[in-house]
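Coordinate analysis (summary)
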Amino acid sequence: MTRLHEFQGKAVLRNAAIPVPAGDVARSPQEAAAIAARLARPTVIKAQAFTTSRAAQGGIAFADTPQQAADHAQRMLSLRFGEFPVTEVLVEEKLALTGELFFSLAIDERARAPVMILSSAGGSGVEERASSALRIPCDVVDGPDNNQLALAIQSLKLTPALAAQLSAFAHTAFKLAKSIDARSLEINPLAITADARLLPADCRITVDDYAVARHPELGIEIARELDHPPTDLERLAYRIEQQDHRGTFFFAQMNTAASPGSKGLIGFHGAGGGGSMMAMDAVTAEGFTIANFCDTSGNPSPAKVYRAARIILSQPGLIGYFGSGSGVASQEQFWSAYGLAKAFWELELSIPAVIRLGGNTEDRAVEILQSACRDLPATVEAYKKSDPPAKIASRFATLVAEHISAHRSRPLQGAINAPPSSWIPRPPRRPAFITSATVFSLPLKHCTLYIDAQSWQQNAPAIIARTGGLLKDESGKPAPSLPSDEFQTKDSELIAAEIDCRRDRIGGPDGAIFVQLDLPEGR
């Protein structure tokens with residue numbers, strides 16, 4: 001499920017002709033002051049974060065003047081909820097309340113139907129009062145049962161005018177939730193104002209991930225269930241997933257620094273949800289803090305695995321790279337090995353990596369990864385499904401400890417003052433021959449194939465063999481052996497050929513061919 005911030009949810013309500021408090025979103029103290037001045041009345045400033053109990057964490061404050069609104073906004077925009085900063089605040093009119101209701105629409109998984117929930121006691125602590133809430137069954141087409149809704153509203157002992165407002169609100173909210181494919185819509189509190197209006201003082205909406213593409217009006221950046229606003233790396237990962245539908249790629253950042261007492265921050269790369277969770281438990285039990293969750297499964301292409309590794313290694317401060325999945329996934333593991341080998345070579349990996357490549361063709365996958373990484377500064381070890389996650393997590397801990405010990409006496413490096421044993425993101429290296437005036441290049445989908453002219457002259461038959469015949473020699477020059485549109489889809493085979501040429505010492509130190517895979521926006 002994809003979450004909407006409060007300000008986004010209230011915009012959805014407003015567009016459905018549901019009255020909401022006057023206000024707007026601000027991303028700077030100056031914007032907050034301008035909104036407060038425009039409202040010309042006392043305001044409430046709310047940090048926009050996917051968390052409960054914002055007030056207790058300093059995320060809600062009241063202001064009588066635009067300057068006070070600016071001061072509160074400046075403080076809130078410096079807050080972090082969990083590992084992630086507040087980037088927006090909502091500036092709204094301060095409501096004079098005489099009461100608070102609770103209203104919710106959700107999917108009853110047991111009944112496989114929507115359910116509406118009402119309570120006379122909204123606001124904080126509503127979870128503890130759940131037993132007093134009233135449930136109104138809903139038809140997926142027609143909405144709430146009118147008789148039961150009327151009885152529920154009657155039990156709230158509202159004035160006739162407020163009861164009529166609540167009935168109209170309930171029907172409109174249902175139609176709205178259905179129209180945007182919402183999984184849930186929660187108003188807590190649904191405020192009763194001094195002038196006898198019902199206004200949503202807070203709003204939480206979640207939308208079905210698979211429906212997001214049908215609703216561009218919602219402004220959802222990423223159709224993912226995250227507990228924080230999407231980070232730059234998460235946005236990048238999502239764009240990659242949308243570009244390449246071969247397999248799946250999910251990436252979410254979790255921590256930006258090691259927890260107190262932890263052995264350090266590590267990058268995590270899983271394959272398959274359940275197996276990934278087991279692997280995360282195993283490496284966490286060894287005392288590490290996981291920087292991210294990543295899953296590449298469903299038979300991903302080498303390009304997708306490569307880009308996933310690039311994104312994981314865009315996080316600073318890592319002391320190791322741990323990869324492990326289900327071990328029984330029905331996918332050809334050698335494709336993942338090629339993708340990882342390419343990323344590790346380009347980034348000249350300098351922190352230990354342990355990768356469990358259990359599944360189809362695991363023997364081939366293990367041999368590819370270890371031989372392709374033999375000249376790297378770091379130790380890279382590959383394992384099979386017979387090696388349980390706890391075993392490889394223990395081995396990973398040993399390698400990290402040895403790595404840190406070997407670097408302990410060296411001075412701090414880089415502008416971020418990072419220990420020499422930790423990872424500093426760097427641009428990928430490129431073979432020198434791709435800038436040569438004599439290099440051959442051929443376009444592929446979302447990337448480019450480069451062929452070293454000297455290596456082709458000396459080793460054309462060997463290069464052709466490693467491409468599986470995708471290339472042929474035409475008068476001393478490489479050419480596709482397939483029609484152009486078909487050849488351009490063969491990036492997986494050509495990435496494999498790049499790695500195999502380098503493994504077999506065909507060409508110079510940089511190999512004989514190179515598939516240049518840039519991340520979106522040149523990252």
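Refer to the preceding data block for the structure.
Heads up: these notes are all about the structure in this document.

Cut-off values and rules
Residues numbered from 1 in each chain as written. Predicted model: local features only at pLDDT ≥ 70, side-chain atom pairs only at ≥ 80, totals over all residues. Heavy atoms only, no water. Salt bridge = Lys/Arg side-chain N within 4 Å of Asp/Glu carboxyl O. Core = buried A, V, L, I, M, F, W, Y, C linked by side-chain atoms within 4.5 Å. Buried < 20%, exposed > 50% of the residue type's maximum accessible area, 1.4 Å probe, protein only. Contact = heavy atoms within 4.5 Å. Helix = DSSP H or I, 4+ residues; strand = E, 2+ residues; numbered from the N terminus. Arc of directions from axis to C-beta. Pairing = 2+ DSSP bridges. Axes fitted to C-alpha atoms, helices over the stretch in contact; angles between N-to-C directions. Parallel < 35°, antiparallel > 145°, perpendicular 65-115°, else oblique. Left-handed = near helix turned anticlockwise from the far one by under 90°. Nonpolar A, V, L, I, M, F, W, Y, C, P; charged D, E, K, R; others polar. Disulfide = S-S within 2.5 Å.

Tallied over the entire structure, the rule returns 33 salt bridges. Sharing partners across several salt bridges, the network here consists of Glu6, Lys10, Lys46, Arg54, Glu92 and Asp202.

It is worth spelling out the nonpolar core at this point. Counting 67 residues, the largest nonpolar core has Ile311, Leu313, Tyr321, Phe344, Leu349, Leu369 and Leu449 as its most contacted members. Ignoring sequence-local partners within four residues, the contact set of leucine 313 consists of Leu318, Tyr321, Phe344, Leu347, Leu349, Ile351, Trp423 and Pro425. Counting residues in hydrophobic clusters, the runner-up holds 41 residues, among them Leu101, Ala173, Phe174 and Ile187.

As a further point, take helix H3 (residues 66-76). For H3, the full list of buried residues reads Ala69, Ala70, Ala73 and Met76. Projected down its long axis, H3 shows its buried positions confined to an angular sector of 130°, all on one face. Relative to its buried face, H3 has exposed residues pointing more than 90 degrees away, namely Gln67 and Gln74.

Below, the discussion takes up the sheet that holds strand S4 (residues 60-63). One open sheet accounts for four strands, arranged S2-S7-S3-S4; its pairing is antiparallel. Here the strands that pair on one side only, and so sit at the sheet edges, are strand S2 (23-26) and S4. Along the sheet, successive strands turn relative to each other by an average axial angle of 20°, direction set aside. Pairing of S2 with strand S7 (residues 89-93) involves four bridges; the strand directions are antiparallel. Bridge pairing in S7 places aspartate 24 opposite valine 91. Where helix H1 (residues 6-15) meets the sheet, it contacts S2, strand S3 (43-47) and S7, and its direction lies at approximately 50° from that of S7. Along the sheet, helix H2 (residues 29-39) contacts S2, S3 and S7; its crossing angle with S2, the most-contacted strand, is approximately 170°.

Now for the packing of helix H9 (residues 333-346) against helix H14 (residues 491-503). One can describe the packing of H9 onto H14 by two numbers: an axis separation of 10 Å at closest approach and a directional angle of 60°. Classified by the angle between their axes, H9 and H14 sit oblique to one another. Between H9 and H14 lies a crossing whose hand is left-handed. In this structure, H9 uses Trp335, Tyr338, Ala341, Lys342 and Trp345 to contact H14, whose residues at the interface are Ser492, Glu493, Ile495, Ala496, Glu498, Ile499, Asp500, Arg502 and Arg503. Of the residues that constitute the contact of H9 with H14, the class distribution is seven nonpolar, one polar and six charged.

Here the focus is the state of the cysteines. Tallying each qualifying case throughout the model produces zero disulfides. With no disulfide partner, cysteine 138 has as its closest neighbouring cysteine sulfur the one in cysteine 203, 17 Å distant. Note on cysteine 447: no disulfide assigned, nearest cysteine sulfur contributed by cysteine 501 at a separation of 16 Å.

What follows concerns the environment of alanine 252. If you trace the backbone, alanine 252 turns up in strand S15 (residues 248-253). Separated by 22 residues in sequence, alanine 252 and proline 230 place their C-alpha atoms 8.5 Å apart. Excluding its chain neighbours within four sequence positions, the residues that come into contact with alanine 252 are Leu226, Glu234, Asn292 and Phe293.

Structurally, the position occupied by serine 276 is in helix H7 (residues 273-285). Sequence-distant contacts of serine 276, defined by excluding residues within four places in its chain, comprise Phe268, Gly270, Ala271, Phe293, Asp295, Ser324 and Gly325.

This part takes up the sheet that holds strand S22 (residues 440-444). In space, the three strands of this open sheet follow the order S22-S23-S26, with antiparallel pairing throughout. Two strands lie at the open edges of the sheet, namely S22 and strand S26 (513-516), each paired on one side alone. When strand polarity is set aside, the average angle formed by the axes of neighbouring strands in this sheet is 20°. In terms of strand pairing, strand S23 (residues 447-451) meets S26 through four bridges, oriented antiparallel.

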